[in-house]
Amino acid sequence: MIEKGCHLGILSLIKKWYYHGESVICKGVTMNFIEAIKEAGIVGAGGAGFPTHIKLNTKAEYFIVNAAECEPLIETDKYLCRIFADELIKGVMMISAHLEAKKAVIALKGKYKAEITALKEAIAKNGADIEIFELRTFYPAGDEQIIVQQVTGRSVPERGIPIEVGAVVDNVGTVIGIYEALTKGKKTTEKYLSVVGEVKEPIMLKVPIGTSIRECIQSANPTISDYAIILGGPMMGRVVAENDLIDAQIVTKTTGNIIVLPKDHYLIRRSKVSIDRIKHQARSACIQCRMCTDLCPRYQIGHRIKPHLVMRNVWREHTELSTEEFEKSFGDAANCCDCGLCEMFSCPMGLSPRKVNGYMKGKLREKGINVEKNPNPVARGTVDISKVPTDRLIARLNLGQYNGLHAHSCITLHPQEVFIPLSQHIGKPAKAVKNIGDNVTIGDVIAAADDSGLSANIHASVHGIIKDITPLGIRISVN
Ligand code: SF4
Ligand code: SF4
């Protein structure tokens with residue numbers, strides 16, 4: 001057991017941690033490594049929000065920090081690497097010690113020179129044994145399975161997770177959150193995010209969770225008044241185009257970026273095409289060139305996915321197919337990770353294999369078909385020569401005018417009200433543990449993880465009074 005304190009060097013901290021059962025005393029409370037992370041409500045900051053206390057409750061050969069930030073325009077992880085390099089390195093050391101990892105790796109693009117310099121300085125300062133793995137500039141370098149293949153040479157099983165090949169992967173923000181939780185008892189109450197696109201200049205914001213997205217955009221000085229947004233990156237982010245829906249959006253634990261775009265931008269128009277039209281286009285215009293398959297990153301790491309065959313078979317969907325035939329025709333769709341490369345870059349006909357795959361995944365579920373998984377995929381010999389350069393992708397996405405602009409400053413917002421969702425993670429919503437009218441301070445648990453399944457604690461992100469509790473979330477007004 002160790003007392004957390006700045007009088008101890010980080011290396012001795014880790015040794016003691018490792019050899020003394022990982023118990024920590026934080027703010028006078030004794031708890032172990034996993035309990036402290038659970039208490040803080042930490043979830044994957046860069047993706048779907050997988051509860052981190054569950055992901056890290058293991059041992060692993062590799063601990064990999066995903067700092068690739070492969071989606072165009074996003075600034076957040078780069079900013080965190082530059083500004084919080086020391087915290088990031090210390091967090092990596094703590095997590096690696098807990099995992100008993102033989103290798104700790106931070107993977108980011110080789111072109112991120114300033115970030116690499118900051119990280120190397122922090123590594124030297126802390127005497128850390130951490131490798132900087134320089135990725136090429138391609139999309140989707142930050143896909144968890146692609147990054148594992150690049151760093152370890154191992155392909156994660158179909159629909160599997162990195163620990164199946166001995167790796168644990170966490171996002172930059174997650175690692176910094178863990179460091180803050182373990183050393184300061186800090187809870188997950190704020191987010192760093194970038195606002196880019198049709199704004200005066202790209203900007204970083206630090207905001208309480210539950211802050212309105214409109215407030216974030218206003219503080220970034222939008223250059224147009226009637227806009228649509230993408231929450232996340234242009235490839236995998238969520239498009240919100242209607243004004244009333246934009247009004248309802250709030251910052252959650254997984255929000256990392258907001259793109260402001262004209263409502264008639266190519267990406268916004270494309271998001272509105274109906275699945276019936278997409279299937280009709282597939283039937284009538286697919287020329288079976290198989291570019292969607294040859295550039296598919298999951299195909300390249302050896303997964304059984306051939307989107308050109310799913311496209312070829314779309315016409316058969318409503319014919320009398322047996323379960324076996326349906327699986328043979330459309331089962332590959334189950335291995336699609338939704339990266340969007342096929343529809344946004346590969347297809348010369350402007351078709352949407354991704355959306356057809358998404359549709360077919362739903363049909364497989366409806367029919368109760370469990371597609372067999374290949375547990376031992378092997379990357380194809382072409383894996384390193386089939387990468388799509390990010391600059392070419394940006395041009396194809398019609399985002400060239402925003403490319404190369406970077407966020408140089410960070411503003412802290414202090415909203416008068418927040419709405420904090422009970423479900424900001426994969427799994428079951430947290431259960432509200434406060435009542436309307438209760439006073440809360442930053443870091444108070446307002447909803448507890450549902451221990452009957454995957455879940456995560458939710459904390460107050462402002463000092464204030466609870467104004468409303470709904471099945472979706474808790475509204476707090478600042479005192
Ligand atoms: S790339 Fe487009 S046209 Fe070529 S096989 Fe795939 S869907 Fe069909
Ligand atoms: S979205 Fe397209 S490119 Fe990406 S994994 Fe699915 S089929 Fe492959």
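Residues numbered from 1 in each chain as written. Chains lettered and ligands numbered in written order. Predicted model: local features only at pLDDT ≥ 70, side-chain atom pairs only at ≥ 80, totals over all residues. Heavy atoms only, no water.

Identification of the protein chain as 4Fe-4S ferredoxin-type domain-containing protein from Anaerocolumna cellulosilytica is taken from an unreviewed UniProt entry.

Chemist: It is not clear to me how the site of ligand 2 should be interpreted in this structure. Could you clarify?
Modeler: Lining the immediate surroundings of ligand 2 are 13 residues, of which Cys-296, Cys-336, Cys-339, Gly-340 and Cys-342 lie closest. Residues of the shell around ligand 2, tallied by class, amount to nine nonpolar, two polar and two charged. (Near = heavy atom within 4 Å. Nonpolar A, V, L, I, M, F, W, Y, C, P; charged D, E, K, R; others polar.)

Chemist: How should I be thinking about the packing of helix 5 (residues 85–99) against helix 8 (residues 172–184) in this particular structure?
Modeler: Between two packed helices, what matters for the description is the angle formed by their axes and the separation of those axes. Running from amino to carboxyl end, helix 5 crosses helix 8 at an angle of 80°, the nearest separation of the two axes being 8 Å. One finds that helix 5 runs roughly perpendicular with respect to helix 8. Mapping the contact onto sequence places Glu-87, Leu-88, Lys-90, Gly-91, Val-92, Met-94 and Ile-95 in helix 5 and Val-172, Val-175, Ile-176, Ile-178, Tyr-179, Glu-180, Leu-182 and Thr-183 in helix 8. Of the residues belonging to the contact of helix 5 with helix 8, the class tally is 10 nonpolar, two polar and three charged. (Axes fitted to C-alpha atoms, helices over the stretch in contact; angles between N-to-C directions. Helix = DSSP H or I, 4+ residues; strand = E, 2+ residues; numbered from the N terminus. Parallel < 35°, antiparallel > 145°, perpendicular 65-115°, else oblique. Contact = heavy atoms within 4.5 Å.)

Chemist: Explanation requested: the site of ligand 1 in the structure shown.
Modeler: The immediate surroundings of ligand 1 are formed by 13 residues, with Cys-286, Cys-289, Arg-290, Cys-292 and Cys-347 found nearest. Looking at the shell around ligand 1, its residues break down into 10 nonpolar, two polar and one charged.

Chemist: So what exactly am I meant to see when it comes to helix 4 (residues 76–83) here?
Modeler: Because the α-helix completes a turn every 3.6 residues, residues three or four places apart line up on one side. Among the eight residues that make up helix 4, six are buried, leaving the element largely enclosed by the rest of the structure. Along helix 4, the residues that are buried comprise Thr-76, Asp-77, Lys-78, Tyr-79, Leu-80 and Cys-81. (Buried < 20%, exposed > 50% of the residue type's maximum accessible area, 1.4 Å probe, protein only.)

Chemist: Looking at this structure, I do not really get the domain arrangement of the protein chain. What am I missing?
Modeler: Often, the extent of an interface is quoted as the loss of accessible area on bringing the components together. When the domains of the protein chain are assigned, the result is domain 1 (2–184), domain 2 (190–265), domain 3 (275–396) and domain 4 (417–479). Domain 2 puts eight residues into the contact, and the matching count from domain 4 is 11 residues. Taken over both partners, the interface formed by domain 2 and domain 4 buries close to 670 Å², and the fraction arising from carbon and sulfur atoms is 58%. At the surface where domain 2 touches domain 4, the tally comes to zero salt bridges. At the boundary of domain 2 with domain 4, the tally comes to four residue pairs in polar contact (both at pLDDT 80 or more). Here the side of domain 2 that touches domain 4 is composed, by residue class, of three nonpolar, four polar and one charged. (Domains from an automatic or database assignment. Buried area = accessible area lost by both parts, 1.4 Å probe. Salt bridge = Lys/Arg side-chain N within 4 Å of Asp/Glu carboxyl O. Polar contact = N/O pair within 3.5 Å; in protein donor to acceptor, adjacent residues only side chain to side chain.)

Chemist: When you look at the pattern of salt bridges in this model, what are you seeing that I'm missing?
Modeler: Close approach of charged atoms allows side chains of opposite charge to pair. Under the definition given, this model contains 27 salt bridges. Among the salt bridges present, the one from Lys-184 reaches Glu-180, with a minimum N-O distance of 3.4 Å. In this pair, Lys-184 and Glu-180 are both assigned in helix 8, four residues apart and thus about one turn of the helix distant. Between Glu-417 and Arg-475 there is a salt bridge; the shortest N-O distance is 3.2 Å. Residue Glu-417 is found in strand 16 (residues 417–421), and its partner Arg-475 is found in strand 22 (residues 473–478); the two are separated by 58 residues along the sequence. The network of salt bridges with shared partners includes Glu-180, Lys-184, Lys-186, Glu-190 and Lys-206.

Chemist: Teacher, can you tell me more about the pairing of strand 6 (residues 130–135) here?
Modeler: A regular strand places its side chains so that they alternate between the two faces of the sheet. For strand 5 (residues 103–109) and strand 6, the ladder comprises six bridges, and the chain directions are parallel. Each bridged residue has a counterpart across the sheet, and for Lys-109 the counterpart in strand 6 is Leu-135. At this point the chain moves from strand 5, through helix 6 (residues 113–126), to the parallel strand 6, and the crossover so formed is right-handed. (Pairing = 2+ DSSP bridges. Right-handed = clockwise from strand over helix to strand, strands pointing away.)

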